[in-house]
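# Tertiary structure, described
Spelled out from the first residue to the last, the chains are:
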Amino acid sequence: MSRSERATRITALVDELTTEVDAGLGDGAIAALDPDVARRLVAVAARLYAVGVEEDAQPVRGTDMTPTESVVLATAALKAHDLNPFDLALWFSRTRSDQGSTPIGELDQR
């Protein structure tokens, strides 16, 4: 499969997943899912988003997630790596100009 074919397939899968999750939230089907499914999905989405940020992807908009969803996700990610709000503040203050001096991969090696 070529890179463009894979990208097209991933896009279609995300579109389909979005439709299914929205429907599942509406009819309660999400409650029947193994909680591990959400963890795996978040991990995959985080990897995809981190690469996208390095490639100048559009940032998450306020309409993409509610404030509660944003804080729940951020808190879970911080706790998973034993990070604290101070660590988050260091990343938050990073600007696009200093990303060129310290690639994310190097920061992940701490």
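Keep in mind the model is a prediction, meaning the values are calculated, not measured. (Residues numbered from 1 in each chain as written. Predicted model: local features only at pLDDT ≥ 70, side-chain atom pairs only at ≥ 80, totals over all residues. Heavy atoms only, no water.)

## As for the overall build of the protein
Helices and strands together make up the secondary structure of the protein, namely 6 helices and 0 strands. If you list the helices and strands of the protein from N to C, you get α-α-α-α-α-α. Every one of the 110 residues in the protein was classed for burial, and the buried ones make up 6%. On the protein, roughly 9300 Å² of surface is accessible, and the fraction owed to carbon and sulfur atoms is 62%. (Helix = DSSP H or I, 4+ residues; strand = E, 2+ residues; numbered from the N terminus. Buried < 20%, exposed > 50% of the residue type's maximum accessible area, 1.4 Å probe, protein only. Areas by Shrake-Rupley, 256 points an atom, 1.4 Å probe, with all protein chains shown as cover.)

## Details of helix 2 (residues 35-54)
Between its first and last C-alpha atoms helix 2 spans 30 Å; for 20 residues at 1.5 Å apiece the expected length is 28 Å, and the two agree. Where helix 2 begins, the side chain of D34 points an oxygen toward the backbone nitrogen of D36, at a separation of 2.8 Å. Trailing helix 2 by a residue or two, D56 shows a phi angle of about 70 degrees, which is positive. (Expected span 1.5 Å × (residues − 1). Polar contact = N/O pair within 3.5 Å; in protein donor to acceptor, adjacent residues only side chain to side chain.)

## Thoughts on a nonpolar patch on the surface
A contiguous nonpolar patch, built from L25, I30, L33 and V37 and spanning about 320 Å² of accessible area, is present on the exposed surface. For V37, the location among the structural elements is in helix 2. (Patch = residues over 30% accessible without salt bridge, like charges linked within 9 Å, V, L, I, M, F, W, Y side chains within 5 Å. Salt bridge = Lys/Arg side-chain N within 4 Å of Asp/Glu carboxyl O.)

## Some points on the pattern of salt bridges
For the structure on display, the rule yields 2 salt bridges. We note a salt bridge from R39 to D36, for which the minimum N-O separation is 2.7 Å. Remark: D36 and R39 occur in helix 2; sequence separation between them is 3 residues, near one turn of the helix. Where D64 meets R61, a salt bridge forms, and the shortest distance between an N and an O atom there is 3.4 Å. You can call R61 exposed: its relative accessible area is 52%.

## Quick look at unusual backbone geometry
In this structure, D82 takes a positive phi of about 55 degrees despite not being glycine. When you line up the elements, D82 lands in the loop between helix 3 (67-80) and helix 4 (85-92).

## Points about the environment of E69
Counting through the fold element by element, E69 comes out in helix 3. Looking at E69, the relative accessible area reads 42%, which means it is partly exposed. Side-chain polar atoms of E69 contact the backbone nitrogen of T66, separated by 2.7 Å.

## Notes on the confidence of the model for the protein
Of the residues in the protein, 85% have a pLDDT of 70 or more, and the chain-wide mean is 84. Ranking the helices and strands of the protein by mean pLDDT puts helix 1 (residues 3-27) first, with 94, and helix 5 (residues 96-99) last, with 48. (pLDDT = per-residue confidence, 0-100.)

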